[in-house]
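Each chain, written out:
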Amino acid sequence: MAPAVSTAALIEDDPWDMPELQDTGVKWADLDTKGKILRVLTIAAKLILLLGLLYMFVCSLDILSSAFQLVGGKAAGDIFQENTVLSNPLAGLVIGMLVTLLVQSSSTSSSIVVTMVSSGLLEVSTAVPIIMGTNIGTSVTNTFVAMTQVGDRNKFRRAFAGATVHDFFNWLSVLVLLPLEVATGYLVKLTDLIVKSFNIQSGENAPALLNVITDPLTQSIIELDETVISGIAVGDPEAKNKSLIKVWCQTASNTVIILTVFTWKGKRTLYFAHMCNHIFVNTNLSDLAVGLILLACSLLILCTCLILIVKLLNSMLKGQVAVVINKIMNTDFPFPFAWLTGYIAIVVGAGMTFIVQSSSVFTSAITPLVGIGVIKLERAYPLSLGSNIGTTTTAILAAMASPVEKLGNSLQIALVHLFFNLSGIVLWYPIPFTRLPIRMAKALGQLTAQYRWFSGFYIIACFFAFPLLVFGLSLAGWQVLVGVLVPIVAVLIFVIIVNILQKHKPQWLPSVLRSWDFLPQWAHSLEPWDRVVTIMAARCCCCCKCCNVTEEDEETGTQENKDNEIEMYDNSGLHIILCFTVFLFIYVSFI
């Protein structure tokens, strides 16, 4: 008789399955009095420590934004001065991305756009692509956060997918809505109709919720005069010679009249202001030097807090706590209301973002939770969509606090941002088939788990190299821009179409195109590129954990990914596009 063979090894595990969260701890009823007291004190201490780390994480993000503004804020203002370039929608899109990356704040870049529209330097229709670009630029922060989990292959797969699902939503929305806006101007017409239909009066500013807690710490370190960047953008010559570091601050009552002077030009009123009390108020260092110091310190604190938060959550989310949280976060409503669960998640994401007043903070906070398996990617997606809505509501309230003469334009730009995100949700969420960002994020997460160096290439290529390339071509004129980008787009479209036909209708293709084997290996596989990166990393004596992986771990990881690949990853069409992108990036860099 043939020996019995277990079939368990033949069953392939889905790499996207959530880790099993079991109640492995000692039950409360089995503890004695001392054990119960120790457990309560331990949980309380961990909660206090977690809140402290979250507080430092949010503050470090605020300081990081200030550091980027000191380093690149004036450059951002200079970029906005290129009015001839801004008339090109594609150039406006990448300028919005680049400025948001430079200042690390979509609120700051949006306020610059509002200032330029209010001053007459930009038309609302010209500002729409820039607003779309700020939406993309703000999603890079949580992608950086996902990199902190690069040491664990499975956690990194989930975390990177959880971060980039936000990226893909923004990219796909722009891909559809930007041409539609250029052709029809529906966002401008819709928001103009809303502004004119309602007699909206200037009101109070957006409520400072989280800022009430974080400002005492962040403003004791640095305060910036953001009107300098706006001044440079609108062409104020004096603004270029001013420092971004604020020296004089107004009182809590905003303005206090101390003296009224009558001159031959008329009455002049002087206002009281006191010297700010942050660390760099009397510094002799340049803005760039202060920015670099704050950049290094904030990045160090940010990464430290993230690593500690992940470790602390791993220790806390065990046993019954993990089971309960997992059920709350990932369980759908009972039939027939299951479809409402995602929309409730969108509302929760919008509400939480409104409270913290930053989509970057909210999405960066849920990314580690996706990585450790507390939140499913399918649940993180609607939460991210909600964060896009939440950040626009804050902008709308801020716009309503504008002066009467600027209220219309300010509110219209804020509404453009809101309806752009709402339109994207209508496109990519209601019907499960249209939720392409989830599938694309899973594909990229699987790829970066196998080739972890590709995550860095993705960030550099999508958020820096591509925008800079398009911006540089825009400066050369639209003829050069079209002449370079059209062939690239044509090649990518051809590869996608052939890839789809290879998968579904191979008989429609000539025998040569039924597979990509006729191409050299470097053109249809990332393996050669991986060997090059591995050799370069070894020669550079890279000390990162992800680079010092043993050969056994590499073989195990490669085999694991090969076993876990589903049908969409078996097709080399994705690798064709990525190899083409890598080659193009290297070629453009040499040029």
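Residues numbered from 1 in each chain as written. Predicted model: local features only at pLDDT ≥ 70, side-chain atom pairs only at ≥ 80, totals over all residues. Heavy atoms only, no water.

- Named according to an unreviewed UniProt entry, the chain is Solute carrier family 34 member 2a originating from Cyprinus carpio.
- Database annotation for the chain, UniProt heading Sequence similarities (unreviewed entry): "Belongs to the SLC34A transporter family."
- Note on the chain: under the UniProt heading Subcellular location (unreviewed entry), the record states "Apical cell membrane". (UniProt positions renumbered as here; feature names shortened; annotations may be inferred.)

## Side note on the nonpolar core
Phase 1 of the analysis: Within the largest apolar cluster, 76 residues are counted, with the highest numbers of intra-cluster contacts made by M132, Y381 and F463.
Phase 2 of the analysis: Not counting residues within four places of it along the chain, the set of residues in contact with Y381 comprises V165, F169, W428, Y429, R435, P437 and I438.
Phase 3 of the analysis: Counting 39 residues, the second largest nonpolar core, distinct from the first, contains A67, L313, F362 and I375. (Core = buried A, V, L, I, M, F, W, Y, C linked by side-chain atoms within 4.5 Å. Buried < 20%, exposed > 50% of the residue type's maximum accessible area, 1.4 Å probe, protein only. Contact = heavy atoms within 4.5 Å.)

## Observations concerning the pattern of salt bridges
Phase 1 of the analysis: Taken as a whole, this structure holds two salt bridges when the rule is applied.
Phase 2 of the analysis: When the shortest N-O distance is used, the salt bridge between K196 and D192 registers 3.3 Å. With K196 and D192 both in helix α8 (residues 186–197) and four residues apart, this pair spans about one turn of that helix.
Phase 3 of the analysis: Among the residues examined, K196 registers a relative accessible area of 66% and is labelled exposed.
Phase 4 of the analysis: Looking at D192, the relative accessible area reads 27%, which means it is partly exposed.
Phase 5 of the analysis: Measuring nitrogen to oxygen at the nearest pair gives 2.9 Å for the salt bridge that ties E378 to K442. Note that E378 is positioned in helix α15 (residues 377–399) and K442 in helix α17 (residues 436–450), a separation of 64 residues in sequence. (Salt bridge = Lys/Arg side-chain N within 4 Å of Asp/Glu carboxyl O. Helix = DSSP H or I, 4+ residues; strand = E, 2+ residues; numbered from the N terminus.)

## Some remarks on the packing of α17 against helix α18 (residues 453–476)
Two numbers describe a pair of packed helices, the interaxial angle and the distance between the axes.
Phase 1 of the analysis: Following both chains from N to C, one finds α17 and α18 inclined at 130°, their axes separated by 6 Å at the closest point. Accordingly, the angle class assigned to the pair α17 and α18 is oblique. Between α17 and α18, the residues in contact are L444, L447 and T448 and F454, S455 and Y458, respectively.
Phase 2 of the analysis: Looking at the contact of α17 with α18 residue by residue, the class counts come to four nonpolar, two polar and no charged. (Axes fitted to C-alpha atoms, helices over the stretch in contact; angles between N-to-C directions. Parallel < 35°, antiparallel > 145°, perpendicular 65-115°, else oblique. Nonpolar A, V, L, I, M, F, W, Y, C, P; charged D, E, K, R; others polar.)

## Looking at the environment of N388
Phase 1 of the analysis: Examined against the element boundaries, N388 turns out to sit in helix α15.
Phase 2 of the analysis: Between the C-alpha atoms of N388 and F354, which are 34 residues apart in sequence, the distance is 10.0 Å.
Phase 3 of the analysis: Ignoring any residue separated from it by four or fewer positions in sequence, one finds N388 in contact with N135, H166, F169, N170 and N421.
Phase 4 of the analysis: Only 2.7 Å separates the side chain of N388 from the side chain of H166, close enough to count as a polar contact.
Phase 5 of the analysis: Of the polar contacts made by the side chain of N388, one reaches the side chain of N170; its length is 3.4 Å. (Polar contact = N/O pair within 3.5 Å; in protein donor to acceptor, adjacent residues only side chain to side chain.)

## Description of the side chain of T353
Phase 1 of the analysis: Note on placement: T353 falls in helix α13 (residues 340–356).
Phase 2 of the analysis: Judged by its relative accessible area of 0%, T353 is buried.
Phase 3 of the analysis: If we skip the residues at most four places from it in the chain, T353 touches S358, S359, F362, S387, G390 and T391.

## Re α13
Phase 1 of the analysis: In this model, α13 (17 residues) spans 25 Å end to end at C-alpha, consistent with the 24 Å of a helix rising 1.5 Å per residue.
Phase 2 of the analysis: Among all positions of α13, only T341, G342, A345, I346, G349, A350, T353 and V356 are buried. (Expected span 1.5 Å × (residues − 1).)

## Considering helix α19 (residues 478–504)
Phase 1 of the analysis: With 27 residues, α19 ought to run about 39 Å at 1.5 Å a step, and its terminal C-alpha atoms sit 38 Å apart, in line with that.
Phase 2 of the analysis: For α19, the full list of buried residues reads L481, L485, I488, V495, V498, N499 and Q502.

## As for the side chain of S60
Phase 1 of the analysis: Relative to the assigned elements, S60 resides in helix α1 (residues 33–80).
Phase 2 of the analysis: The exposure class of S60 is buried, given its relative accessible area of 4%.
Phase 3 of the analysis: Excluding residues that lie within four positions of it along the chain, S60 makes contacts with S298, I301 and L302.

## Describing the packing of aromatic side chains
Phase 1 of the analysis: All chains considered together, the criterion is met by 12 aromatic pairs.
Phase 2 of the analysis: Taking the centre distance of 5.4 Å and the plane angle of 40° together, the rings of F454 and F457 count as tilted. With F454 and F457 both in helix α18 and three residues apart, the pair spans about one turn of that helix.
Phase 3 of the analysis: In this structure F454 comes out as buried when scored by relative accessible area, which is 2%.
Phase 4 of the analysis: When its relative accessible area of 12% is taken as the criterion, F457 is described as buried.
Phase 5 of the analysis: Grouping aromatic residues by their ring pairs yields a cluster made of F156, F160, F168, Y458 and F463.
Phase 6 of the analysis: Lying across the ring of Y429, R435 places its NZ or CZ 4.1 Å from the centre. (Phe/Tyr/Trp six-rings, centres within 6.5 Å; stacked < 30°, edge-to-face > 60°. Lys NZ or Arg CZ within 6 Å of the ring centre and 35° of its normal.)

## Some words on the packing of α18 against α19
Phase 1 of the analysis: Two numbers describe how α18 lies on α19: the axes approach to 6 Å, and their chain directions differ by 140°. On the basis of their axis angle, the class for α18 and α19 is oblique. Within the contact between the two elements, α18 uses V470, L473, S474 and A476 and α19 uses V480, L481, V484 and L485.
Phase 2 of the analysis: A per-class count over the contact of α18 with α19 returns seven nonpolar, one polar and no charged.

## A closer look at the confidence of the model for the chain
Phase 1 of the analysis: Per-residue confidence for the chain gives a mean pLDDT of 76, with 72% of residues at or over 70.
Phase 2 of the analysis: Put simply, helix α23 (residues 567–570) is where the chain has its lowest mean pLDDT, 38, and helix α7 (residues 153–184) is where it has its highest, 92.
Phase 3 of the analysis: A low-confidence stretch, residues 544–571 (pLDDT under 50), is modelled with 37 contacts involving residues beyond four sequence positions or located in other chains.
Phase 4 of the analysis: Long-range and interchain partners of residues 587–591, a stretch whose pLDDT sits below 50, account for one contact in this model, where long-range means more than four residues apart. (pLDDT = per-residue confidence, 0-100.)

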